[in-house]
Amino acid sequence: MQINLLDQQAEAFSSGAERGARYLKGLPERRVNAETGGLDALASGLPQDGMDVASILDLMETVGGEGTVASAAGRYFGYVIGGALPAASAARALLSAWDQTADVLTGPSVIRMEETAIGWVKELLALPEGTDGAFTTGATMANMTLLVTARDALLARLGHQRGDGLMGAPKLRIVASAEIHATVLKSVRMAGLSTRDIEWVETDDQGRMRIDRLPELDERTLVLAQAGNVCTGAFDPFDALGDRCRAAGAWLHVDGAFGLWARTAPSLKGALAGLDKADSWVVDSHKTLNTPYDSGLALCRHPEEMQASMAIGAAYLPDTVASPANRAPEFSRSARGAETWAALLSLGRKGVADMVERFHGHAVRIKGELTDLGFLVPHEVHFNQVFATLPEDEEASARIADHVQRSGEAWFGQAAWQGKKGFRISVSNWSTGEQEVDRLIAAIAKAKAEILVPA
Ligand SMILES: *Cc1c(COP(=O)(O)O)cnc(C)c1O
């Protein structure tokens, strides 16, 4: 009797999903840090004969599962990772069965989901009419996509032939916030531009670009601003920046990997006024929106410029079809945008705003609790990020992060900001509630007591 191969796949698929569900149910009880002692079991020699699926999944579930950092749990406060909403991670599972290549001819339904998601994001962030974009693996690639677009557009306006790249091109200027994210500088280099000549703009005591320190701009300038400082959550002054860039013919690009979502929250959006004056924006789905990794969005006011820089233009492809591959770096890729579609559909307009407000509310509470414990939080809580230190012992404050990590109760990392050493807490997981914050604060209080033993 012939074994149905796809039945086998279906069975394997259910088994994987079942183990995933078991993992999620165990998260409230388990430690947040990873158990890495057994990882060698994952690095055996490649066997001559293949292993059966159940044994592979057993190995993954035991050794692999133990070796995960439980960033899916609500007690994870590191970097700005976020978890995965139920609808989004379930969509990922279904998408993996579909295994679609995200293009019009190869995945009509997933492409419709992606296009719809981009429209919803544009609406939620109140971006200008005509804005369009593409899904990428994350903000780094989205920043690169838009920096290449901005570079080509500025050079074309200066009369440089499109398609010549940087060969014989006039020199462009880059003006950037002194606190721009490190990955943006990598994106600058990937776009063939130099980080050495960046004209840095000093920031204020919240980490925002000081508009009074902005140099004279012109039509060969690319201005790099950010929505969401990784230490303070602060937003650059987009309204004034937008006016200055427009008057000079400069291109304003905003890296809003996690922070752009603040624009959906009634109590926060005032700080992002004028965001719509920019030329391009980057936002991640995999951080604040809580879709699974990896998923970012490159959005541009001038989609025709994106298309001009990113189009494939191969003769064998029908050029009447608007393919996302003509607006993004990748050709073959997963339909990751469908997870954003599922996440947004499950939350609705109100659910997105409520989640973002909740992140902010927890961050405000955390600042208060840390202050009561004797920590200094040297900034206002602009969004979901909190940087803290002990002014009398910065080294000890940094070590508190390691101590809490080892306790397994919660997870956040050391950080340095404006010359101070300390730690940084990010509230960006959809499942973080008051109880998780209680456990975080208790773990910090305990770590502080254990580290600062009275002399
Ligand atoms: C995380 C982050 C990035 C990089 O995003 P990836 O999605 O990890 O590529 C860029 N900018 C900011 C502000 C970030 O927080």
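Scroll up for the structure.
A few points on the structure. All figures in this text were calculated on a predicted structure; none of them were measured in a lab.

Conventions we followed
Residues numbered from 1 in each chain as written. Predicted model: local features only at pLDDT ≥ 70, side-chain atom pairs only at ≥ 80, totals over all residues. Heavy atoms only, no water. Phe/Tyr/Trp six-rings, centres within 6.5 Å; stacked < 30°, edge-to-face > 60°. Helix = DSSP H or I, 4+ residues; strand = E, 2+ residues; numbered from the N terminus. Buried < 20%, exposed > 50% of the residue type's maximum accessible area, 1.4 Å probe, protein only. Pairing = 2+ DSSP bridges. Axes fitted to C-alpha atoms, helices over the stretch in contact; angles between N-to-C directions. Expected span 1.5 Å × (residues − 1). Contact = heavy atoms within 4.5 Å. Salt bridge = Lys/Arg side-chain N within 4 Å of Asp/Glu carboxyl O. Parallel < 35°, antiparallel > 145°, perpendicular 65-115°, else oblique. Left-handed = near helix turned anticlockwise from the far one by under 90°.

## Points about the packing of aromatic side chains
So, step 1. Applying the stated criterion across every chain, the model contains seven aromatic pairs.
So, step 2. Measuring from centroid to centroid gives 5.9 Å for Y79 and W411, while their planes differ by 40 degrees, and the two rings are tilted. With a gap of 332 residues between them, Y79 in the loop between α2 (53-66) and α3 (86-98) and W411 in the loop between α10 (394-407) and β9 (413-417) connect regions that are remote in the sequence.
So, step 3. By relative accessible area, W411 is classed as buried at 12%.
So, step 4. Residues F258 and F383 carry aromatic rings whose centres are separated by 6.2 Å and whose planes lie at 5 degrees to one another, so their mutual orientation is stacked. One end of the pair, F258, is in the loop between β5 (251-255) and β6 (280-284); the other, F383, is in the loop between α9 (337-372) and β8 (385-388), with 125 residues separating them in the sequence.

## A few points about the sheet that holds β6
Within a sheet, adjacent strands bond to each other through the backbone by hydrogen bonds, running parallel or antiparallel.
So, step 1. Sheet architecture is open: seven strands sit in the order β1-β7-β6-β5-β4-β2-β3, paired in mixed fashion. Each edge of the sheet is formed by a strand with only one pairing partner; in this case those strands are β1 (132-136) and β3 (199-201). The sheet shows a mean angle of 20 degrees between the axes of neighbouring strands, taken without regard to direction.
So, step 2. The pairing of β6 with strand β7 (residues 296-300) spans five bridges and is classified as antiparallel.

## Details of α10
So, step 1. Taking 1.5 Å as the rise per residue, α10 with 14 residues should run 20 Å; its terminal C-alpha atoms sit 20 Å apart, in good agreement.
So, step 2. Listed as buried for α10 are A396, S397, A398, I400, A401, V404 and Q405.
So, step 3. At its buried positions, α10 is contacted by β9, β10 (420-426) and α11 (434-451).

## So, the sheet that holds β9
So, step 1. The strand order across the open sheet formed by three strands is β8-β10-β9, and the pairing between neighbours is antiparallel. Two strands lie at the open edges of the sheet, namely β8 and β9, each paired on one side alone. Neighbour-to-neighbour, the strand axes of this sheet turn through a mean angle of 40 degrees, independent of strand direction.
So, step 2. In terms of strand pairing, β8 meets β10 through four bridges, oriented antiparallel. Bridge assignment links V386 to a residue of β10, and that residue is I425.
So, step 3. Against the sheet, α10 makes contact with β9 and β10, and its axis sits at roughly 35 degrees relative to β10, the strand it touches most.

## Examining the pattern of salt bridges
So, step 1. Applying the stated criterion to the full structure yields 29 salt bridges.
So, step 2. The residue R213 makes a salt bridge to E202 at a minimum N-O spacing of 2.4 Å. One end of the pair, R213, is in the loop between β3 and β4 (221-226); the other, E202, is in the loop between β3 and β4, and eleven residues separate them in sequence.
So, step 3. Overall, E202 belongs to the partly exposed group, its relative accessible area being 37%.
So, step 4. Shared partners join several salt bridges into a network, and the residues in it are R19, R22, D58 and E61.

## Let's talk about the packing of α9 against α11
So, step 1. Two elements in contact, α9 and α11, have axes separated by 11 Å at closest approach and are oriented at 25 degrees. The pairing of α9 with α11 is recorded here as roughly parallel in orientation. Both α9 and α11 take part in a crossing whose hand is right-handed. Counting all contacts with α9, which are made through H362, R365, I366, E369 and L370, the residues of α11 involved are E434, V437, D438, L440, I441 and I444.

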